Amino acid sequence: QVQLVESGGGLVQAGGSLRLSCTASGFSNYTMAWFRQAPGKEREFVAGIRRTGGAPLYAESGKGRFTMSRNSAKNTVYLQMNSLKPEDTAVYYCSSRRFTDIKLSQREYDYWGQGTQVTVSL
């Protein structure tokens, strides 16, 4: 059974940090990505990492503040978020696709987690 389970969300003050985790089961070695969706907005790409490794790809909104990494032995990816801003408030989703290239559109991803809420207060 294919499953993605996120954790690590929560409430944090502006300037604080959170680390999100996403553990996959039922498959391995996929390209992984984080998306987020704020109320009333479309789901948007945050960061991605290829199944073959290499430098992650980041959306402009998270460059210099977010770091995505993976632990293949644990079949887990992480999103370290620093210097958080109120505009980072959203539900964060983990996703995967079987192909190597990272896509910015949610339609290109095969599997999704249930999401984890991140709320950044002033």
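To keep things clear, this report deals only with the structure shown in the data block. These figures come from a predicted structure and were not determined experimentally. (Residues numbered from 1 in each chain as written. Predicted model: local features only at pLDDT ≥ 70, side-chain atom pairs only at ≥ 80, totals over all residues. Heavy atoms only, no water.)

Once that is clear, we can look at the packing of aromatic side chains. A complete count under the given rule lists eight aromatic pairs for this structure. Seen from their ring centres, F27 and Y30 are 4.5 Å apart, and the 45° between their planes marks the pair as tilted. Pair check on accessibility: F27 and Y30 agree, each one buried. Taken together, the ring pairs connect F35, F45, Y93, Y109 and W112 into an aromatic cluster. The ring of W112 has R43 sitting right over it, with the charged end atom 4.8 Å from the ring centre. It is R97 that lies over the ring of Y109; its NZ or CZ is 5.9 Å from the centre. (Phe/Tyr/Trp six-rings, centres within 6.5 Å; stacked < 30°, edge-to-face > 60°. Buried < 20%, exposed > 50% of the residue type's maximum accessible area, 1.4 Å probe, protein only. Lys NZ or Arg CZ within 6 Å of the ring centre and 35° of its normal.)

Turning next to unusual backbone geometry. A positive phi is found at N29, a non-glycine position, where the angle reads about 60°. Since its relative accessible area comes to 40%, N29 is described here as partly exposed. Phi is positive for S83, close to 50°, though the residue is something other than glycine. Within the secondary structure, S83 sits in the loop between β8 (76-81) and β9 (90-97). (Helix = DSSP H or I, 4+ residues; strand = E, 2+ residues; numbered from the N terminus.)

Evaluated as defined, the whole model comprises one disulfide. What pairs with C22 in a disulfide is C94, and their sulfur atoms sit 2.0 Å apart. Between C22 and C94, the S-S dihedral sits near -75°, and the bridge is therefore left-handed. Placement of C22 in strand β3 (residues 18-25) and of C94 in strand β9 is noted, with a sequence separation of 72 residues between them. Of the two residues, C22 and C94, neither departs from the other in class, the shared state being buried. (Disulfide = S-S within 2.5 Å.)

All right, on to empty space enclosed by the protein then. Within this structure, the stated rule accounts for one cavity of 30 Å³ or more. There is about 50 Å³ of room inside the largest cavity. A24, F27, N29, Y30, M32, R70, N75, T76 and V77 together form the lining of the largest cavity. Counted by class, the lining of the largest cavity contains five nonpolar, three polar and one charged residues. (1 Å grid on protein atoms, 1.4 Å probe; cavity = no way out; pocket = protein on both sides within 12 Å on 5 of 7 lines; lining within 4 Å. Points joined across faces, edges and corners; volume = space filled by probe spheres on them. Nonpolar A, V, L, I, M, F, W, Y, C, P; charged D, E, K, R; others polar.)

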